[in-house]
Amino acid sequence: MRKSLCLLVLAVMLVLGVQAQDKAEASAKGEIVKTGYNFGPLPAVAFDADKGFQLGALLNIYDFGDGTVYPNTRQQWYFEASFFTKGSQLFVVSYDNKFLIPGVRWSSTFTLTNEKAMDFYGFNGYMSYYDHEKVTLGKDKENHDAYIYTPKYRVNRLAALFKTDFVGSIWKNKFFWEAGYHLSYIKQGYKDKQALNFDKINKNKEDYKKYPTDPESPEYETPLFDLYRQWGIISEDEAWGGLSSTLRLGLMYDTRDKEGAPSRGIWAEAHTMLAPKVLGTTHPYYRYSATFRQYLPIVKNDVLTFAYRLNYEGTFGKDAPYYILPYLTVMGPSYDRDGMGGYRTIRGLMRNRVQGLDVASYNAELRWRFVNFTLWKQNIAFGLSAFSDGTMVTRNYDMSFQRTDVGTAEYAKSKAEYDEYMALSGNRTADRPHITVGAGLRFIMNQNFIVAFEYGLPISKFSKDPLIKNQDGNGAFYINTGYLF
């Protein structure tokens, strides 16, 4: 993710002011029209409730050319290397060019994420129970009798993703075709053996903070990922991940006034993802997605805008490898984001809380840019937003008990554990909406470099239904870049 903490705004503006040329002119709105190259090397010091504090570095390079395309760019580069206190690393190299191939926009990205303890809460939303009370108890620093329970809902994951996409106009630069190739390698679990490297999880911790690892211990809790394997919900064939070699085809309608911070227009896309075995995919699948976004100006000149996004991620057929379900389909200059829950999807919801064969979601927000000015030849603005996000599984991933060693003592014990687990969620057969609300503050420079401070809260926290209350977490605070959409 493109995260950066810009508490020292003056320092940021100085850094981004390094330019190859600066023949700025006044625009119709009084903005400086940026030209040439703008460089933005920054420390990546940020916070995400799902990953912890981030330490690293990033570099944005924007090419505005002669300024005729401003506030859009001719081409841009993005580089990032980041490390998170909850044990993950992120490396990103991204390039976007609109003029190298005549009439075609070309975007390529490589990302590598290494997560020692990624969130895993099961499938089908509320059908998978989350023991909020034990997690909360385990985080009580004054209670030395309770171990940290969160590893039960974690899994080790390494994900390397490469994509190259092409976009060309069909009609008046408003209606476009999209085509691309996406290659990903995902490695789940630790050494094809278990969910986590417990030696790593418990390293340098005091005894009362260590997660129990002895199966014979009465305090031992099998991680949910390993329980799903034992119950056959996740097959051993798929459990440890695989290679996904995918062709993506799509159509796009785009009438936005600008890309970085649009205030009017429609941006709609529909995609199909084809990952057959002939392309080298380990576990073949076929999926589709549709996204509709609209930006409605309430007060002109970007002062007050209402924006919303509707998204549907679906699966052709009755199955898809579980490890690709968290990802939202993205084509163009961005890259696939994982986790229904988190800054890029449903703010305030626990990351990866909602996974299924088909998932619907929405985001709606009111954006108020309450001040605009120029300083040191930079266009500066500050904005506030209020939002509501929501999602739910509309077609279930198969969570039936599928262990095959019928008649054994292990089978009977495992089946009893499965029945007990499903009863905790009321033996639900369908999900229901997961909704969050929140607000944020944004620092906006040159319509493209945007730093966001946002907090989201799930409304299930206030539910009177014991099967829903606190099942989506306690809310989350994010420091990130850009708008959600």
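Residues numbered from 1 in each chain as written. Predicted model: local features only at pLDDT ≥ 70, side-chain atom pairs only at ≥ 80, totals over all residues. Heavy atoms only, no water.

Asker: Would you mind showing me how to read the overall build of the protein chain here?
Answerer: Of the regular secondary structure elements, the protein chain holds six helices and 19 strands. Taken over the C-alpha atoms alone, the protein chain extends approximately 80 × 55 × 40 Å along its principal axes. Counting over 485 residues, the protein chain shows a buried share of 56%. When contacts within the protein chain are restricted to residue pairs at least 6 apart in sequence, long-range pairs at least 24 apart make up 67% of them. A total accessible area of about 20,800 Å² is found for the protein chain, and carbon and sulfur atoms account for 61% of it. (Helix = DSSP H or I, 4+ residues; strand = E, 2+ residues; numbered from the N terminus. Buried < 20%, exposed > 50% of the residue type's maximum accessible area, 1.4 Å probe, protein only. Contact = heavy atoms within 4.5 Å. Areas by Shrake-Rupley, 256 points an atom, 1.4 Å probe, with all protein chains shown as cover.)

Asker: What is the right way to look at the side chain of Arg353 in this model?
Answerer: Assignment of secondary structure puts Arg353 in the loop between β14 (337-338) and β15 (358-375). In this structure the side chain of Arg353 is engaged in a polar contact, spanning 3.1 Å, whose partner is the backbone oxygen of Gly125. Polar side-chain contacts of Arg353 include one of 2.7 Å to the backbone oxygen of Gln471. (Polar contact = N/O pair within 3.5 Å; in protein donor to acceptor, adjacent residues only side chain to side chain.)

Asker: It is not clear to me how the side chain of Lys34 should be interpreted in this structure. Could you clarify?
Answerer: Its location among the elements puts Lys34 in the loop between α1 (9-16) and β1 (37-43). Within the structure, the side chain of Lys34 is placed 2.7 Å from the backbone oxygen of Lys377, a separation counted as a polar contact.

Asker: Teacher, can you tell me more about the nonpolar core here?
Answerer: Burial of nonpolar side chains together is a common tendency in soluble globular proteins. Core analysis: the biggest nonpolar cluster contains 45 residues, and Phe123, Phe225 and Tyr228 have the highest contact counts within it. Looking at this core, the elements that each hand over two or more residues are β7 (154-171), α3 (198-202), α4 (224-230) and α6 (409-424). Beyond its immediate chain neighbours, meaning those up to four positions away, Tyr228 contacts Phe120, Gly122, Phe123, Ser128, Ile233, Ile234, Met399 and Tyr421. Among the nonpolar cores identified, the runner-up in size contains eleven residues, and Tyr70, Phe443, Val451 and Ile479 belong to it. (Core = buried A, V, L, I, M, F, W, Y, C linked by side-chain atoms within 4.5 Å.)

Asker: It is not clear to me how a nonpolar patch on the surface should be interpreted in this structure. Could you clarify?
Answerer: Together, Ile170, Trp171, Phe175, Trp177, Leu251 and Tyr253 line one region of the surface with nonpolar side chains, adding up to about 540 Å² of accessible area. Of all the elements in the fold, those that place two or more residues in the nonpolar patch are β7, β8 (175-188) and β9 (241-254). Note that Trp177 resides in strand β8. (Patch = residues over 30% accessible without salt bridge, like charges linked within 9 Å, V, L, I, M, F, W, Y side chains within 5 Å. Salt bridge = Lys/Arg side-chain N within 4 Å of Asp/Glu carboxyl O.)

Asker: Just checking my understanding: could you explain empty space enclosed by the protein for this structure?
Answerer: Gaps left between atoms are located by rolling a probe of water-molecule size over the structure's atoms. Following the criterion strictly, the structure yields nine cavities of 30 Å³ or more and no others. Of the pockets and cavities examined, the largest cavity occupies roughly 260 Å³. As for the largest cavity, its lining consists of 22 residues, of which Ser184, Arg248, Tyr285, Tyr327 and Asp336 are closest to the centre. Looking at the lining of the largest cavity, the elements that each hand over two or more residues are β6 (104-119), β7, β8, β9, β11 (285-299) and β13 (327-328). Here the lining of the largest cavity gets four residues from one element, more than from any other, and that element is β8. Split into classes, the residues belonging to the lining of the largest cavity amount to ten nonpolar, seven polar and five charged. (1 Å grid on protein atoms, 1.4 Å probe; cavity = no way out; pocket = protein on both sides within 12 Å on 5 of 7 lines; lining within 4 Å. Points joined across faces, edges and corners; volume = space filled by probe spheres on them. Nonpolar A, V, L, I, M, F, W, Y, C, P; charged D, E, K, R; others polar.)

Asker: I would appreciate a short explanation of the environment of Gly383 in the present structure.
Answerer: The residue Gly383 is located in strand β16 (residues 378-395) in this model. Gly383 sits in the buried class, given a relative accessible area of 5%. Between the C-alpha atom of Gly383 and that of Val303, which follows or precedes it by 80 residues, the distance is 8.7 Å. Residues within four places of Gly383 in sequence aside, it is in contact with Trp368, Arg369, Phe370, Gly440, Leu441 and Arg442.

Asker: Please clarify how the pattern of salt bridges should be interpreted in this entry.
Answerer: Under the counting rule described, the total for this entry stands at 33 salt bridges. Across the pair Asp302 and Arg369 runs a salt bridge whose closest N-O atoms are separated by 3.8 Å. Separated by 67 residues along the polypeptide, Asp302 in the loop between β11 and β12 (304-315) and Arg369 in strand β15 bring together distant segments of the chain. Among the ionic contacts, a cluster of salt bridges with common partners joins Arg347, Glu365, Arg367, Asp389, Arg442 and Glu454.

Asker: Help me understand the packing of aromatic side chains in this model?
Answerer: Where two aromatic rings form a pair, the distance of their centres and the angle of their planes describe that pair. Under the counting rule described, the total for this entry stands at 36 aromatic pairs. Taken together, a centroid distance of 5.4 Å and an interplanar angle of 90 degrees make the contact between Tyr121 and Tyr130 edge-to-face. Across the pair, exposure class does not vary: Tyr121 and Tyr130 are buried alike. Taken together, a centroid distance of 5.5 Å and an interplanar angle of 75 degrees make the contact between Trp231 and Tyr418 edge-to-face. With Trp231 in the loop between α4 and α5 (236-239) and Tyr418 in helix α6, the pair connects residues that are 187 residues apart, well separated along the chain. Across the ring face of Trp267, the terminal group of Arg256 is positioned such that the distance to the ring centre comes to 3.7 Å. Between Arg293 and the ring centre of Trp267, over which it is positioned, the NZ or CZ distance is 3.6 Å. (Phe/Tyr/Trp six-rings, centres within 6.5 Å; stacked < 30°, edge-to-face > 60°. Lys NZ or Arg CZ within 6 Å of the ring centre and 35° of its normal.)

Asker: What is the right way to read the environment of Lys258 from this model?
Answerer: Its location among the elements puts Lys258 in the loop between β9 and β10 (265-275). In the structure, Lys258 is positioned 186 residues away from Asn72 in sequence and 6.3 Å away in space, judged by C-alpha atoms. A distance of 3.0 Å separates a polar atom in the side chain of Lys258 from a polar atom in the side chain of Asp302.

Asker: I would appreciate a short explanation of the environment of Leu484 in the present structure.
Answerer: Within the secondary structure, Leu484 is located in the segment after β19 (476-481). Counting along the chain gives 267 residues from Leu484 to Ser217, while the straight-line C-alpha distance between them is 45 Å. Beyond its immediate chain neighbours, meaning those up to four positions away, Leu484 contacts Arg309, Tyr343, Arg344, Thr345, Arg347, Asn363, Asp389 and Arg442.

Asker: How should the pairing of β10 be read in this particular structure?
Answerer: Moving residue by residue along a regular strand, the side chains alternate between the two faces of the sheet. Both β9 and β10 contribute to a ladder of eight bridges, which runs antiparallel. Within β10, the residue paired with Met252 across the bridge is Glu269. (Pairing = 2+ DSSP bridges.)

Asker: What am I meant to see in α6 here?
Answerer: One full turn of an α-helix is made of 3.6 residues, so residues set three or four places apart face in the same direction. With 16 residues, α6 extends 23 Å between its outermost C-alpha atoms, agreeing within 8% with the 22 Å of an ideal straight helix rising 1.5 Å per residue. Taken together, the buried positions of α6 are occupied by Tyr411, Ser414, Tyr418, Tyr421 and Met422. The buried residues of α6 occupy an angular sector of 95 degrees when projected down its axis, which confines them to one face. In α6, the exposed residues that point more than 90 degrees away from the buried face are Ala409, Lys413 and Glu420. The elements touched by buried residues of α6 are α4. Of the residues flanking the end of α6, it is Gly426, one or two places downstream, whose phi is positive at about 80 degrees. (Expected span 1.5 Å × (residues − 1). Arc of directions from axis to C-beta.)

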